[in-house]
Amino acid sequence: MRVAMAASQASANAKWTALQQDQVDVAIRKMARMMPEFTADQVWYELGATFPVTKGMTARLLVAQRQGVIKNSGTITYAERGGVHDHAQRLTVWQSV
């Protein structure tokens, strides 16, 4: 798990600036405040269509989990965003803590 997390974080670091990573973290916390459950889809919607797409979202969600902001619900769903996101990607359903 740690290897996968490190790889995901490396992906985020390679494509997102520190400011963009902070924006992702803010969007995750906002979803956690607004919704009892959410997926990365809602975080991407919050970030907007022009925000750079990377595979680093998982790393940022796992950081939020370690910080006690969210927890894994144990269920999955499928991406509904369309465009570059539309490849039937399985998404973790996160619960607000």
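Provided above is the structure to which this section pertains.
In short, a report on the structure.

Definitions and limits used
- Numbers given for residues are sequential positions, taken from 1 along each chain in its written order.
- Totals for whole chains, interfaces and linings use every residue, but because this is a predicted model, local features are given only for residues with pLDDT of at least 70 and side-chain atom pairs only at 80 or more, for both listing and counting.
- The side-chain numbers reported here are obtained from all heavy atoms of the structure, hydrogens and water having been left aside.
- At least two bridges found by DSSP between two strands are what make those strands a pair.
- Strands are runs of DSSP state E lasting at least two residues, helices are runs of H or I lasting at least four, and both sets are numbered from the N terminus onward.
- Throughout, a residue-residue contact means that at least one pair of heavy atoms, one from each residue, lies within 4.5 Å.
- Every angle, taken between N-to-C directions, lies between 0 and 180 degrees, and every axis is a line fitted to C-alpha atoms, over only the stretch in contact when it is a helix.
- Orientation is classified from the angle alone, with under 35 degrees giving roughly parallel, over 145 giving roughly antiparallel, 65 to 115 giving roughly perpendicular, and any other angle giving oblique.
- Should the near helix be turned counterclockwise from the far one by less than a right angle, the crossing is left-handed, whereas a clockwise turn marks it as right-handed.
- Three classes are used: nonpolar for Ala, Val, Leu, Ile, Met, Phe, Trp, Tyr, Cys and Pro, charged for Asp, Glu, Lys and Arg, and polar for all others, with Gly counted as polar.
- When accessible area is computed with a 1.4 Å probe and restricted to protein chains, residues below 20% of their type maximum are described as buried, those above 50% as exposed, and intermediate ones as partly exposed.
- Between Lys or Arg on one side and Asp or Glu on the other, a salt bridge is scored when a side-chain nitrogen of the former is within 4 Å of a carboxyl oxygen of the latter.

The sheet built from three strands is open, its strands ordered β1-β3-β2 with antiparallel pairing. Every other strand in the sheet has two partners, leaving β1 (37-38) and β2 (70-78) as the edge strands with one partner each. As defined by bridge partners, β1 adjoins strand β3 (residues 90-96) across two bridges and the pair is classed as antiparallel. Following the sheet pairing, Glu 37 is matched in β3 by Gln 95. On top of the sheet, helix α4 (residues 57-66) reaches β1, β2 and β3; it is set at about 145° to β2, its chief contact.

Attention shifts here to the packing of helix α2 (residues 18-34) against α4. Running from N to C, α2 and α4 cross one another at 55°; their axes reach a closest spacing of 10 Å. Between α2 and α4, the crossing angle belongs to the class labelled oblique. Note on packing geometry: the crossing formed by α2 with α4 is right-handed. Where α2 approaches α4, its residues Gln 21, Val 24, Asp 25 and Ile 28 are matched on the opposing element by Met 57, Arg 60, Leu 61 and Ala 64. When its residues are assigned to classes, the contact of α2 with α4 shows five nonpolar, one polar and two charged.

In terms of burial, α4 is largely enclosed, as seven of its ten residues are buried. Among the residues making up α4, those that are buried are Met 57, Ala 59, Arg 60, Leu 61, Leu 62, Val 63 and Ala 64. Positioned one or two residues after α4, Gly 68 has a phi angle of 80°, which is positive.

One pass over the structure, following the stated rule, counts three salt bridges. Note that Arg 60 is salt-bridged to Asp 25, the shortest N-O span being 2.7 Å. You can see Arg 60 sitting in helix α4 and its partner Asp 25 sitting in helix α2, a full 35 residues away along the chain. Considered together, Arg 60 and Asp 25 belong to a single accessibility category, that of buried residues. Here Asp 41 and Arg 81 are joined by a salt bridge, their closest N and O atoms 2.2 Å apart. In this pair, Asp 41 sits in helix α3 (residues 40-47) while Arg 81 sits in the loop between β2 and β3, placing the two residues 40 residues apart along the sequence. Judged on exposure class, the residue Asp 41 and its partner Arg 81 are both buried.

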